[in-house]
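Working through the structure, step by step
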Amino acid sequence: MGKNKDEGIIEKTKDNSLIINTGNVMSVKEIMKTFRCLSVIGITISLSVMVLALIVGGILAYTCMSFDRTQVIENRNVVAHLAIMNDYSESEIVDSINEFSSMKNFTFSYVVIPTLVVVAGMIAVLVISISIHGFVRDVETEDELFTREKLKKLRKIRIYLMVIGLLVILFFNLKHILVYALLEAIFEFVLYMFNKCVKAN
């Protein structure tokens, strides 16, 4: 038709049938490969961070419980790690140590709880990554993608994401509730379109 094929237009073949030239749009196989790589990265990072958080948390808990407050404060490495873990400055951590009546209470509030929060977050990332990997693992064509089984898996992923997002907002920052609502609406639209493709397949 005289136009660049990268423009994404409808063209006629030799037998006068119509085909849609999608230009630079990625194929289903390429998209699924990308999601497989991302899911593997997500699994690897979540497991690594989880193990690291448990190791660092264990060392910090042992240190805080084994030494008195003066020895903990004088240990710059411990103070620095506590500051990073709690998103505090080092001076704020020192003030917090001095405010607690016992190092046991401080350890629970500033080591155990932050470690559990990180571990819980990484478990959430791990669950989502495994779910996504299971969704895209054996898909290379549209016929393999748009099936009722894949629709059920996509709905589960949506539930995981929405529950995790809602918990994060409720526990940490309510001001992002509008962002959550927008993402919920977008995912609902994606599910609607996916369902239409399943029915048409």
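Residues numbered from 1 in each chain as written. Predicted model: local features only at pLDDT ≥ 70, side-chain atom pairs only at ≥ 80, totals over all residues. Heavy atoms only, no water.

**Describing the nonpolar core**
- Residues C64, L82, I93, I97 and F106 are the most contacted members of the largest nonpolar core, which totals 16 residues.
- Breaking this core down by element, the ones donating at least two residues are α1 (28-66), α2 (69-74), α3 (76-86), α4 (90-99) and α5 (103-136).
- Here I97 is in contact with R69, V72, I73, M103 and F106, once residues within four sequence places are set aside.
- Among the nonpolar cores identified, the runner-up in size contains 14 residues, and V136, I157, L191 and F194 belong to it. (Core = buried A, V, L, I, M, F, W, Y, C linked by side-chain atoms within 4.5 Å. Buried < 20%, exposed > 50% of the residue type's maximum accessible area, 1.4 Å probe, protein only. Helix = DSSP H or I, 4+ residues; strand = E, 2+ residues; numbered from the N terminus. Contact = heavy atoms within 4.5 Å.)

**A look at α4**
- Every buried residue of α4 is listed here: I93, V94, S96 and I97. Looking straight down α4, one finds its buried side chains confined to an arc of 160 degrees; they lie on one side.
- Residues of α4 that are buried in the fold lie against α2, α3 and α5. (Arc of directions from axis to C-beta.)

**Concerning the packing of α1 against α5**
- One way to put it is that α1 packs onto α5 with a least axis distance of 8 Å and a crossing angle of 165 degrees. The orientation of α1 relative to α5 falls into the category roughly antiparallel. Crossing of α1 over α5 shows left-handed handedness.
- Here the residues of the contact of α1 with α5 are counted per class, giving 25 nonpolar, eight polar and two charged. (Axes fitted to C-alpha atoms, helices over the stretch in contact; angles between N-to-C directions. Parallel < 35°, antiparallel > 145°, perpendicular 65-115°, else oblique. Left-handed = near helix turned anticlockwise from the far one by under 90°. Nonpolar A, V, L, I, M, F, W, Y, C, P; charged D, E, K, R; others polar.)

**Concerning the confidence of the model for the protein chain**
- In this model, the protein chain carries a mean pLDDT of 85, and residues with pLDDT of at least 70 account for 88%.
- Residue range residues 1-10 is modelled with pLDDT below 50. Its contacts to residues more than four positions away, or to other chains, number 18 contacts. (pLDDT = per-residue confidence, 0-100.)

**What to know about the packing of aromatic side chains**
- Throughout the structure, instances matching the rule amount to six aromatic pairs.
- Measuring from ring centre to ring centre gives 5.7 Å for F100 and Y110, while their planes differ by 90 degrees; the resulting arrangement is edge-to-face. Linking F100 in the loop between α4 and α5 with Y110 in helix α5, this pair joins segments that are ten residues apart in sequence.
- Given the relative accessible area of 21%, F100 is considered partly exposed.
- For the ring pair F146 and F194, a centre distance of 5.1 Å and an interplane angle of 55 degrees mean the geometry is tilted. Placement of the pair is F146 in the loop between α6 (142-145) and α7 (148-172) and F194 in helix α8 (residues 177-200), with a sequence separation of 48 residues. Grouping residues by exposure puts F146 and F194 together as buried.
- Members of the aromatic cluster, connected to one another through ring pairs, are Y88, F100, F106 and Y110.
- Looking at K150, its charged tip hangs above the ring of F135, at a distance of 5.6 Å from the centre. (Phe/Tyr/Trp six-rings, centres within 6.5 Å; stacked < 30°, edge-to-face > 60°. Lys NZ or Arg CZ within 6 Å of the ring centre and 35° of its normal.)

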